[in-house]
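Structure assessment
Chain by chain, the residues run as shown.
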Amino acid sequence: HLRQQHCTVEGGSYVCRYGYNGVCASLPLDGVSDRDYDTHVTRCHVNAQQKEPHVKWSVFSAAQNLPAVLNDPSRGKQTSFFTKKWGDAFVEGVPIGPSSRLADIRWEAFDAYLKRIGKRYRVHTRIANVPTANATSQQALVSDRLPNGATASLKDIPEVFLKQQLELHRPATFAAAFAGIGTEGGEQTRQSSRQLQERLSHYLDIVEVLIAKQVADKSSAFFHAMTSQDAIMEQMADALANVKRLRGKVKEIDDMIVKESLQVIRAERIRANNNLVLEKLKLMSTVHQTQPMIQLLLSTQDYVAALDLISTTQEILGQELTGVHCFRHLPSQLCEMELLIDKMLKTDFERYSTADLNRPFSGRESGGEERVLEEDKLICIISGLLRKRSLDFIDTYRDEAITTVRAIVKQLVIEVIASGDAEVCLTGAGEEAQSLSLSEWILLLEGATGTLLKLLRRIRAVHDVMQQTADASAGRLTDDVSFIDTEAFLSTPDYSVVQDKLANLLQSVCNYCHERCANLVSNQSLEKSSVSAEQIAQLAQIVERFADGCQEACGVQSVPLKLALCAQGSRFAQKFHTERKSKLALLLDSERWKQAEVPAEFQTMIDCIARGDFHWSKPAQMNGGTPAPPQSVLKVEGEPFALVGAALLLVQIVSEYCRCASQLPVIAPQLGRSVVDLLRMFNSRCCQLVLGAGALHVAGLKTITSSNLALVSRALELVLWLLPHVKRHFRSLDGTSTSSVNGNHSNTNNTTTTTSGTAGPLTNGGSHPNTTTTTTISSSATGYDTVEKDFVSHIKEIENKVLSIVCDVVTGQLNNWDARPPVPSQPFRNISRQFVKLHEAIAPILPEKQVHAIYRTVQRNFKDKLREQLLRNNITNNGGPQHGVVVSELTFYMETLRTLRAMPVAELHDDTMDDIWLK
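The present account deals with the structure reproduced in this document. The structure displayed is predicted, hence computed values, not measured ones.

When helices and strands are tallied, the chain shows 26 helices and four strands. Taking the contacts inside the chain whose residues are at least 6 apart along the sequence as the reference set, 73% of them involve residues at least 24 apart. Put simply, the chain shows about 54,600 Å² of open surface, and 54% of that area lies on carbon and sulfur atoms.

Let us look at the pairing of strand β1 (residues 7-10). Pairing of β1 with strand β2 (residues 13-16), which is carried by four bridges, proceeds in the antiparallel orientation. When the sheet's bridge partners are listed, T8 is paired in β2 with V15.

Take the environment of D395 next. Following the sequence through the fold, D395 ends up in helix α13 (residues 393-419). For the pair D395 and K501, spaced 106 residues apart in sequence, the C-alpha to C-alpha distance is 7.4 Å. At 2.8 Å, the side chain of D395 and the side chain of K501 are in polar contact.

Turning to the environment of L588, a few remarks are in order. Its location among the elements puts L588 in helix α17 (residues 560-590). Taking relative accessible area as the criterion, L588 reaches 1% and is therefore assigned buried. Sequence spacing of L588 and G645 is 57 residues, and the spatial spacing of their C-alpha atoms is 9.1 Å. With near-sequence residues (within four places) excluded, L588 lies in contact with W593, A646, F682, R685, C686 and L689.

To continue, consider the nonpolar core. Counting residues in hydrophobic clusters, the biggest one holds 179 residues, and the most contacted among them are W593, F682, F835, Y855 and F862. Tallying contributions element by element places helix α14 (residues 438-473) first for this core, with 15 residues. In this view, F682 contacts L584, L588, L650, A715, L716, V719 and F791; residues no more than four positions away in its chain are not counted. Core analysis: the next-biggest nonpolar cluster, separate from the first, contains nine residues, L2, C7, L27 and V32 among them.

Turning our eyes to something else, we now look at the side chain of T896. Mapped onto the fold, T896 is located in helix α26 (residues 881-900). T896 sits in the buried class, given a relative accessible area of 12%. If we skip the residues at most four places from it in the chain, T896 touches S832 and V836.

With that settled, the discussion passes to unusual backbone geometry. For residues that are not glycine, phi is negative in most cases, and the peptide bond is trans in most cases. Unusually for a residue other than glycine, W593 sits at a positive phi of about 60 degrees. Here W593 shows up in the loop between α17 and α18 (600-610). Of note, the phi angle at E637 is positive, near 55 degrees, even though the residue is not glycine. Topologically, E637 is positioned in the loop between β3 (634-636) and β4 (639-641). E637 gets classed as exposed once you look at its relative accessible area, which sits at 59%.

Since the α-helix packs 3.6 residues into each turn, any two residues three or four apart lie on the same face. End to end, helix α11 (residues 330-358) covers 41 Å across 29 residues, agreeing with the expected 42 Å (1.5 Å per residue, within 8%). Every buried residue belonging to α11 is among L330, L334, M337, I341, D342, L345, D348, F349, Y352, S353, D356 and L357, and all of these are buried.

A word on the pattern of salt bridges. This model, assessed by the stated rule, comprises 21 salt bridges. We note a salt bridge from D589 to R685, for which the minimum N-O separation is 2.7 Å. Residue D589 is found in helix α17, and its partner R685 is found in helix α20 (residues 668-691); the two are separated by 96 residues along the sequence. By relative accessible area, which is 24% here, D589 ends up partly exposed. According to the relative accessible area criterion, R685 is partly exposed, its value standing at 22%. Across the pair E717 and R714 runs a salt bridge whose closest N-O atoms are separated by 2.4 Å.

Another aspect to go through is helix α4 (residues 111-129). Taking 1.5 Å per residue as the helical rise, α4 with its 19 residues ought to reach 27 Å, and the 27 Å between its terminal C-alpha atoms agrees with that figure. Counting buried positions along α4 gives one out of 19 residues, so the element sits mostly on the surface.

The geometry of an aromatic ring pair is captured by two quantities: the separation of the ring centres and the angle between the planes. Summed over the entire model, instances satisfying the criterion amount to ten aromatic pairs. Judged by centre distance (5.6 Å) and plane angle (70 degrees), the ring pair of W817 and F828 falls under edge-to-face. Highlighted residues: W817 in the loop between α23 (769-815) and α24 (826-842) and F828 in helix α24, separated in sequence by eleven residues. F828 carries the same exposure label as W817, and that label is buried. Aromatic ring contacts, followed pair by pair, group F349, F393 and Y397 into a single cluster.

Judged by side-chain polarity, I105, W107, F110, Y113, L114 and I117 come together as a nonpolar surface patch covering roughly 700 Å² of accessible area. The topology assignment puts I105 in the loop between α3 (66-70) and α4. The exposure class of I105 is exposed, given its relative accessible area of 60%.

Cut-offs and rules
- Residues numbered from 1 in each chain as written.
- Predicted model: local features only at pLDDT ≥ 70, side-chain atom pairs only at ≥ 80, totals over all residues.
- Heavy atoms only, no water.
- Helix = DSSP H or I, 4+ residues; strand = E, 2+ residues; numbered from the N terminus.
- Contact = heavy atoms within 4.5 Å.
- Areas by Shrake-Rupley, 256 points an atom, 1.4 Å probe, with all protein chains shown as cover.
- Pairing = 2+ DSSP bridges.
- Polar contact = N/O pair within 3.5 Å; in protein donor to acceptor, adjacent residues only side chain to side chain.
- Buried < 20%, exposed > 50% of the residue type's maximum accessible area, 1.4 Å probe, protein only.
- Core = buried A, V, L, I, M, F, W, Y, C linked by side-chain atoms within 4.5 Å.
- Expected span 1.5 Å × (residues − 1).
- Salt bridge = Lys/Arg side-chain N within 4 Å of Asp/Glu carboxyl O.
- Phe/Tyr/Trp six-rings, centres within 6.5 Å; stacked < 30°, edge-to-face > 60°.
- Patch = residues over 30% accessible without salt bridge, like charges linked within 9 Å, V, L, I, M, F, W, Y side chains within 5 Å.

Following this line, the structure appears as structure tokens:
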């Protein structure tokens, strides 16, 4: 069985297949010889099954164990299991109730059956036991006695002769059938053969007798069968006649009813098949007209319909016309035609892009809406490309637009260079124009931005057509009449890809335009020529106009050009600051620190600054044709300021910074920091020249007088008055710039496409505009506060220096004073003379309140020193001679102060000196 059913012969080798999935676990894939196969089957399959016979599980295989019995949760705690003996009675028997699924069958249900069958059984038994007359007579005729009188019985015949197959070729069977044959020789063999023949004849007689007896017993059945044979033949004849009659009727029914109905069904089937064949022929005729129809559709530029026809035809050929011999080459031809259409679409789109982007710009395009060149043709081409899922056409258009931008910029550079006299060799993209002047560069940039804005509007128009075509192809609603009957064939993932590519198209082209404009001029262009603030302002206007145009046309903000503008503005601001700082340093070094006359234009300038207006102009000349005469002091909100020439020029320079910042908001933060640096330099340099006596060596002064110190103090006070106006001016510019940046940033967030790292117009990098502007404002405010503290500290140091000079003189004179005649004494005369000189030096320069404060401090110091001297000389308020001398000295001292009006009148009474007496 294993060899026939579970073995395969491969090239003379036997492969065992007895196992799961026809694979033997012991001999999976190897083929062996016949002898090895027998050994394998005997060892691995036959003997393995004999050694481990499979025992079928039954209910008697179940057993109980002690843990299962002890842990029976339904019994609870058991107390008697230790006294029980292990065995079948260890667990108490539980009666099993009757099943609800089995009916309750009782013995009464079998009563009717027993009654019916029992009656028949009794009749059958009685008939079988009563012998018939024929049988008795036949038994009398036939007996089971043998000729020798013995009774015939099958028990006398050996069992070997009663088997179904008598296989005498087997030695055992032959020996049992012919016992004694071949064991002896000679006479004994002949006697044994004779006995065997007699024994076999005896067996034959027994069989014949039994057969005769059996025939005699069944003779009645034989006779009954013979007598019933005629009746059976008659019944057969009747049945044959009935069959013939039935067949005739069936034939009549077949001819009259069935055949006609079947003929109708057959005709209907033939008609249906003919209709199918006709439909196939019509379909074949339609398919046969596919190629001319495709050519017609291509001639009308209906690429989508042509591609749909090819797709439908290929589907029909694969499903409906499979195996049609005449169309065996049509699928390959359709594939080639589809590839040809794809190539045609790409070629036509490239040609259209080149022709549209490179066509000349008309004058009306600068302001009005841009019109698309051959819009219907463009829609057909884009629809075909979308139907082919060739979404790279947007990248192709982007690359072509970038190439056009590069060509436009190069052509403009060539035109500007050609208009000049210098010979320049262009290399690369033609954007290296280092020899251009700033005016030529501004002219070039203005022309380039205007042309590129027209190009961007044209690209935006094509972008809108692409967007509408994609929306219509994806089944989105569109208001354009050209897309009313368009069938949706663009899937959602492809539509998302198209949306991303279209957004990237505008962003990439806009960024590239900004980069090309930013690279028009090298970094050295501004350093080679003198640049004015008006030119930088004009440049900023061009950049801002171009940025706004890009925002309007593409909805995208780009920063490269603004960054380039910020870099150029920063370079201009640095140069501007360096020039003014050097000029101020030269003025301070050459300053003689004497009071200078104030021209009328400076008074006008201060008046304008007091009103918060830094845009002042020179005053008009008087009627005589001569300018207004200069004044001795500068009126600042009604307060006179006696100043040196350097202070007036400092105010003028600071106002230039403010005007430049108003004109160029781009560099306003940097100019604000430059003003702080300029004021800090002015303060430190004044301190070095005056307090540090540097002017003695630089300007050739002989000494630093109180008048010089007072002039420096007034100059610093003028700067302190100017500082809040400057601070407010730059803060207003920072606020305007901040709102502008925030507005631009919010607009950027509202657009569909944003540029990463977008910076506002006041930033020089890609950081967040709000963070950068806030940092600039806070740093500028901190700088102004620091400068203000430095100036206040410097003024205090100057005042202390003046007081120290006077106090030193007072201390020295009082140390040499003694209360004796003459009165007034020489020390008091020297003190009065010093007070007069101080008043003459500072009174025309400092305001009256400040002069009073200085003299009030000097008088306080005078009282302290005089009090010490009186204590040292032991002079008291006792009305003695020394007391009279002191009173006379003080009277002379107070008269000097009254004459100078050094303090208010209320503080110049004689009783103000009473506090010098301690006792």
